[in-house]
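# Survey of secondary and tertiary structure
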Amino acid sequence: MRTHLLAIGLLASLAFSFAAWLEPWHATWAGNRGKSANLLQTALGDGRKIFARHVYAKADAYFHNGYYPPLFESTDDAKAGRLSQTAGLSKDKHNCADDHIGKPRDWIDAFSRHFYPSRHSHIGEGTCGHDHDHDKHEGCEHCDHCDHGQGDKRSGEEREILPWLRLSAELDPESVQTYVVCSYWLRGTLGKVDEAEQFLRMGLRANPGDYELLFELGRIYNEDRKDPSRARNVWELGLKNWHRRESGKPQPNLFLCAQLLGQLITLEEKQGLYPRALEHLTALKAISPHKEAIQRWIDEIRYEHTP
Amino acid sequence: MNSTTLPTSPVAPRDFALAAPAGASGWTNVWAIAGVVIKELCRRKDFYVLFVLTALITLVMGSVDIFSEGGIVRYLKEICLFLIWISSLVIAITTTARQLPAERENRTLFPLLAKPVTRNQVLIGKFLGCWMACGLALGMFYLFLGVMAGAREHVWPVLGYAQAAVLHWFMLGIVCAMSLAGSIVFAAPSSNSTITFVVCVGILLLARRMNEVALGLSEPAQTIVYGIYFALPHLELFDARDLLVHNWGAIPWGIWAGALGYAAVHAALFLGIACALFRRKAIN
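Reading the values: the criteria
Residues numbered from 1 in each chain as written. Chains lettered and ligands numbered in written order. Predicted model: local features only at pLDDT ≥ 70, side-chain atom pairs only at ≥ 80, totals over all residues. Helix = DSSP H or I, 4+ residues; strand = E, 2+ residues; numbered from the N terminus. Contact = placed C-beta atoms within 7 Å. Buried ≥ 20, exposed ≤ 12 C-beta atoms within 10 Å, placed from the backbone. Axes fitted to C-alpha atoms, helices over the stretch in contact; angles between N-to-C directions. Parallel < 35°, antiparallel > 145°, perpendicular 65-115°, else oblique. Left-handed = near helix turned anticlockwise from the far one by under 90°. Nonpolar A, V, L, I, M, F, W, Y, C, P; charged D, E, K, R; others polar. Core = buried A, V, L, I, M, F, W, Y, C linked by C-beta atoms within 7 Å. pLDDT = per-residue confidence, 0-100.

## Observations regarding the overall build of chain B
Across its full length, chain B holds twelve helices and zero strands. Scanning chain B from its N terminus toward the C terminus, one meets helices and strands in the order α-α-α-α-α-α-α-α-α-α-α-α. C-alpha extents for chain B along the principal axes are approximately 70 × 55 × 35 Å. Restricting the contact set of chain B to residue pairs at least 6 apart, pairs at least 24 apart contribute 82%.

## Looking at the overall build of chain A
Along chain A, the regular secondary structure elements total 15 helices and zero strands. Every one of the 307 residues in chain A was classed for burial, and the buried ones make up 32%. Considering only intrachain contacts with a sequence separation of at least 6, the fraction spanning at least 24 residues in chain A is 51%.

## A short note on the packing of helix H11 (residues 211-224) of chain A against helix H13 (residues 254-271) of chain A
All names here are of chain A. Where H11 contacts H13, the axes come no closer than 10 Å and their chain directions differ by 25°. What the angle tells us is that H11 and H13 run roughly parallel. Read as a crossing pair, H11 and H13 show a hand that is left-handed. Facing H11, whose interface residues are Tyr211, Glu212, Phe215, Gly218 and Asn222, H13 presents Leu256, Gln259, Leu260, Gln263 and Leu267. Along the lines of polarity and charge, the residues of the contact of H11 with H13 split into five nonpolar, four polar and one charged.

## What to know about the environment of B:Val60
Within the secondary structure, B:Val60 sits in helix H2 (residues 46-62). In this structure the C-alpha to C-alpha distance between B:Val60 and B:Thr28, which are 32 residues apart in sequence, comes to 45 Å.

## So, the interface of chain A and chain B
The interface of chain A with chain B comprises 30 residues on the first partner and 30 residues on the second. If you list the elements that add at least two residues to the side of chain A that touches chain B, you get helix H6 (107-112) and helix H8 (162-171) of chain A. Of all the elements, H8(A) adds the most residues to the side of chain A that touches chain B, at four residues. Looking at side-chain class alone, the side of chain A that touches chain B contains 13 nonpolar, eight polar and nine charged residues.

## What about unusual backbone geometry?
That bond from B:Glu219 to B:Pro220 is cis: its omega, 5°, falls within 30 degrees of zero. Its place among the elements puts B:Pro220 in the loop between helix H9 (210-215) and helix H10 (221-231). One non-glycine residue, A:Lys226, adopts positive backbone phi at about 55°.

## Focus on the nonpolar core
Residues and elements named next belong to chain B. Phe127, Cys134, Val175, Cys176 and Ala177 are the most contacted members of the largest nonpolar core, which has 122 residues in total. Top contributing element to this core by residue count: helix H6 (residues 119-153), with 15 residues. In this structure, Val175 is in contact with Leu89, Ala92, Ile93 and Cys200, ignoring residues within four places of it in sequence.

## Here's the deal with the environment of B:Arg44
Residue and element names in this part refer to chain B. On the secondary structure map, Arg44 appears in the loop between helix H1 (26-43) and H2. With 15 C-beta atoms counted inside 10 Å, the residue Arg44 sits in the partly exposed group. Spatially, the C-alpha atom of Arg44 lies 46 Å from that of Gln222, the residues being 178 residues apart in sequence.

## Looking at the confidence of the model for chain A
Mean pLDDT over chain A works out to 79, with 77% of the residues at or above the 70 mark. Below pLDDT 50 for its whole length, residues 145-152 of chain A participates in 24 contacts with residues either more than four positions away or in separate chains.

## Focus: H8(A)
Burial analysis of H8(A) places nine of its ten residues in the buried class, which makes it a mostly covered element. Every buried residue belonging to H8(A) is among A:Leu162, A:Pro163, A:Trp164, A:Leu165, A:Arg166, A:Leu167, A:Ser168, A:Ala169 and A:Leu171, and all of these are buried. Elements that come into contact with the buried residues of H8(A) comprise helix H2 (39-44), helix H3 (48-63) and helix H9 (176-187) of chain A together with helix H3 (74-97) of chain B.

The structure is reproduced here in structure tokens:
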């Protein structure tokens with residue numbers, strides 16, 4: 001009995017000693033999930049990033065009213081690019097003629113298309129595709145079918161994509177695209193400028209100095225807050241960070257650099273700071289494929305505003 | 001062996017509730033058995049637990065503040081419908097899978113068959129009971145979904161909800177018939193439940209893509225896979241969740257009725273298989 005008690009006492013002391021030894025190490029360990037206030041990070045760790053892309057694709061599916069390639073047709077181009085194209089993040093335009101399902105292959109395929117969204121449409125637009133521009137709505141088969149006003153444009157429905165974008169940002173805070181797209185919809189159609197700025201700042205905390213986020217933040221200051229000097233500072237910082245991060249790359253993101261320069265040129269021109277505008281135009285000419293048009297712009301400014 | 005030729009069991013209770021009065025039609029027996037199954041579901045806690053869980057998760061998700069934007073409802077509908085589909089599959093499969101094994105285990109099948117009740121009537125009664133019980137459960141689930149979504153959206157597309165709920169219910173009819181047939185083939189309800197659940201989820205996820213997969217194969221694999229594609233009960237046909245979530249309006253009535261007919265044929269097919277197997281099965 002005494003031996004048993006001594007053994008238990010020894011094991012308890014050992015457990016206590018190990019706890020006292022390991023606890024300070026665990027508290028300072030980089031992989032300690034308990035340090036994070038984010039529940040998803042604590043529960044899933046870095047594995048949460050696997051789900052972030054799927055959740056972002058869900059937002060894209062909502063943008064298309066559920067018309068979306070299924071899980072098994074996963075390509076980056078088809079899935080994740082379309083929402084960002086609409087938000088102006090990509091140089092490729094959103095092609096509404098995209099038809100990922102094609103023609104029915106058999107009768108089951110044709111029949112099943114009545115039970116899921118099988119026509120390309122965007123959130124806020126009518127989903128039925130019928131023409132509602134006529135006089136007699138009463139007794140009209142199309143209007144009966146669209147009895148909930150689906151044929152009319154609905155304002156503010158874009159808010160439906162926000163939960164997925166927010167969740168995607170929580171799952172992968174380093175995905176810059178999510179913050180920019182969400183901010184675009186918040187400040188644009190929904191008019192929630194404060195929330196958009198707050199969300200971008202959250203993105204900047206997770207991705208310090210990111211030029212895409214700074215570009216979008218500058219647009220908020222310039223277009224919504226009407227504060228050109230702050231917008232200039234933010235865009236110039238964005239341009240500086242772009243040069244620092246992208247200039248050494250074999251395929252730099254020239255589209256975003258051109259957008260930053262374009263915004264700065266327009267701003268300086270409006271403010272009457274023509275030498276600065278010319279400086280940015282020269283930089284834009286070096287990277288733009290439309291060199292003649294930019295040269296004409298430079299000549300125009302020089303002709304009109306140089307003494 | 002024909003059940004009507006079975007001798008009366010000495011352990012059969014004298015005033016057994018399911019005993020049909022003399023001259024009563026087969027349907028009276030079927031409805032009596034179905035009534036017992038429905039009462040069983042009402043007594044069991046499975047449905048209540050799943051309903052409370054679904055409601056709780058949906059309400060908690062609904063309380064999340066998203067950029068101070070009220071009226072966001074589609075994600076809630078999607079989560080709620082997903083939970084309803086999972087819950088309904090669990091209820092349908094587990095309720096149906098345990099019917100015959102429980103009767104055998106409790107030795108109530110002998111007195112039941114000793115009455116003027118045929119084996120087919122027992123099976124059809126069990127199927128109808130489970131299917132009706134699933135319908136009752138679905139009614140509660142869809143009512144909750146409709147009230148929750150309508151309260152936030154201020155739109156009441158009753159027709160769309162009714163169509164989706166009935167489609168869902170008919171799909172569960174196929175699942176119940178499948179599970180009932182499985183309960184005669186497989187030894188234990190647990191193995192039957194697991195296999196039926198895996199098959200149903202597999203069909204829901206993959207069946208729509210099988211024709212594409214088949215077209216990418218060489219002969220004779222192409223014909224075999226395409227044959228399986230046509231023979232499978234396409235449960236995904238009854239999944240109108242995306243139409244509900246994104247407010248696409250009602251499905252054309254002819255198409256909707258066609259889908260119900262498709263479900264009825266497949267349910268009858270599985271029920272026929274179950275009846276054929278049960279007639280040959282030695283129940284002792």
